[in-house]
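Take a look at the letters that make up each chain.
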Amino acid sequence: MTTSDPNHVLIFDTTLRDGEQSPGAAMSLEEKLRIAEQLEALGVDVIEAGFPISSNGDFEAVQEIGKLLKEPIICGLARAGAKDIHRAAEALQTAKRKRIHTFISTSPVHMKHKLQMEPHAVLEAVAGSVSLARSLVEDVEWSPEDATRTEWDFLCRCVEAAIKTGASTINIPDTVGYAVPQEYGALIARLIERVPGAEKVRFSTHCHNDLGLAVANSLAGVANGARQIECTINGIGERAGNAALEEVVMAMHVRHDVLPFTTRIATPQLARASKLVSTITGFPVQYNKAIVGKNAFAHESGIHQDGMLKNAQTYEIMTPESVGVAKTSLVLGKLSGRHAFREKLTALGYDLGDNAIADAFTRFKDLADKKRYVFDEDIIALVDDEMARGSDRIQVANLRVVAGTWGPQTAELELTIDGAVHSEAARGDGPVDAVLNAIKKIFPHDAVLQLYQVHAVTEGTDAQAEVSVRLEENGKTVTGRGADTDTLVATAKAYVNALNKLLVKRQKTAPEALSLSG
Ligand code: KIV
Ligand code: ZN
């Protein structure tokens, strides 16, 4: 997989670990597996699949992703303690190619206040943790957390100890997103130049985006000798997020003249990866986001449109196709058959079993009855919606809502819970409130709605609505989504989808809370 090309850069994706640490981005195992498969299709070299000691969910994710994928290296995160490292090794047993990524804080502020450890003890922990990890797996990565605020001499001693004890990748995190590009680049260059043994290992960047510099810092790191970038799809991650995978990759691709580096990334898979992560986490992609934003290839002003018609290169530095953004295309209509539908699914990158195709086809026919034109985006929303709710214990069966100025706004709702039908009616302060009150009557709970957003999947008044919600219960947040031509049905589906995820969380933290009663 690695090439002998000295300018080849490995892409280490941490969407499933650092990305999942964003508040509200928690994902189920099935969702993580879907993202992992897409990351493999994208061609990432290393997937950080979780932090096995942190929860059974993370342990299982690393284990199952290791079973499922063949090509990428699967990585599990571990602090410097023996328990963490053994747990990571255990989770990685199923993986064909495995890596333990172990870390410890090295900055004065972290050592004093977070670890409450003296520098000499931290240095010992570096050697001890890397040696232990190396005794369990061949491939060990080591990170000095908060490296960019670490004293230079101490950082060098720690990096040297990690190299001596067997780390083959040294990752330099800008944990708090504090560095600026010239400084971060110089730090990488100096480490490579000064630390004994640096020539034997691969240096890696891991930049957070608190000052909006994560991508610039990562590229500065590569320009100064780093040959691995740690990043996430859509740049999701703690606080302001991590370096966005699609941005670092396309910067090296489009500006190969000044950034002469290569990656294995299949760039036409980028848009799909972005959409999948956004759909699963419920985190929308800002319209003007580089590479994958809705407006990234839209030209509004007359002058630009005129230029584009004469020659696309006037205002386009890369083609939409190169990142997988296809021109909106009319797909199928009411009369389209099963065969054409199946081919469309394949073209859109779905690999569904026969039963799932049959279900999706039925829903497509229903949609085509309601909607004159069915676009690619409609098919994607429809299939993603089905996948999001596939194994949910609570499902929306029927809904009737009275809305408008005459009031009162009411909702009559039927939910199935483990297959049994439950119905209730409720009033509300508006139709959305009425729908949510009816859900609460059937399934009482204390979760708080933190976020509710609706977006139209395509243009036109008959467009499907895609609703995302975020719920919080006892400090745990989950997101849910639903799509339908009726915004209120989509709302009910999204809310119920989130409730199902809360149920899964309750079962994990307190198995005795298996009962459905809130
Ligand atoms: O930002 C950070 O320091 C991290 C480490 C665990 C690598 O995510
Ligand atoms: Zn991080």
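Model, not experiment: these values are computed from the prediction. (Residues numbered from 1 in each chain as written. Chains lettered and ligands numbered in written order. Predicted model: local features only at pLDDT ≥ 70, side-chain atom pairs only at ≥ 80, totals over all residues. Heavy atoms only, no water.)

Caption draft 1: Main features of the sheet that holds strand S12 (residues 409-417). Taken in spatial order, the 3 strands line up as S11-S12-S13 in an open sheet, and their pairing is antiparallel. At either end of the open sheet lies a strand with only one pairing partner, and these are strand S11 (394-402) and strand S13 (420-428). Along the sheet, successive strands turn relative to each other by an average axial angle of 20°, direction set aside. Note: S11 against S12, 8 bridges, orientation antiparallel. From the neighbouring strand, Leu-399 faces S12, where its bridge partner is Leu-413. In this fold helix H15 (residues 431-442) packs onto S11, S12 and S13, with an angle of close to 140° to the strand it touches most, S13. (Pairing = 2+ DSSP bridges. Helix = DSSP H or I, 4+ residues; strand = E, 2+ residues; numbered from the N terminus. Axes fitted to C-alpha atoms, helices over the stretch in contact; angles between N-to-C directions. Contact = heavy atoms within 4.5 Å.)

Caption draft 2: Representation of the sheet that holds strand S14 (residues 448-456) in the model. Strands sit in the order S14-S15-S16 across an open sheet of 3 strands; the sheet is antiparallel. Edge strands, defined here as strands with exactly one partner in the open sheet, are S14 and strand S16 (476-484). Between one strand and the next, the sheet's axes are offset by a mean angle of 15°, whatever the strand orientation. When strand S15 (residues 465-473) meets S16, the two strands line up antiparallel, connected through 9 bridges. Across the sheet, residue Glu-472 finds its bridge partner in S16, namely Thr-477. Seen against the sheet, helix H14 (residues 376-389) touches S15 and S16 and runs at an angle of roughly 135° to S16.

Caption draft 3: Geometry of the coordination of the zinc ion (ligand 2). Within the protein, Asp-18 (OD), His-206 (NE2) and His-208 (NE2) serve as the donor atoms for the zinc ion (ligand 2), at 2.0 to 2.1 Å. Each donor residue of the zinc ion (ligand 2) lies on the same chain, and together they follow the pattern D-x187-H-x1-H. When sorted by exposure, His-206 lands in the same class as His-208, which is buried. (Donors = N, O, S within 2.8 Å, 3.2 Å for Na, K, Ca; no water. Buried < 20%, exposed > 50% of the residue type's maximum accessible area, 1.4 Å probe, protein only.)

Caption draft 4: How the structure looks around the state of the cysteines. Considering all chains together, one arrives at 0 disulfides under this definition. Cys-207 forms no disulfide, and the closest cysteine sulfur to it belongs to Cys-231, at a distance of 10 Å. On the basis of relative accessible area, Cys-207 is assigned to the buried category, the value being 0%. (Disulfide = S-S within 2.5 Å.)

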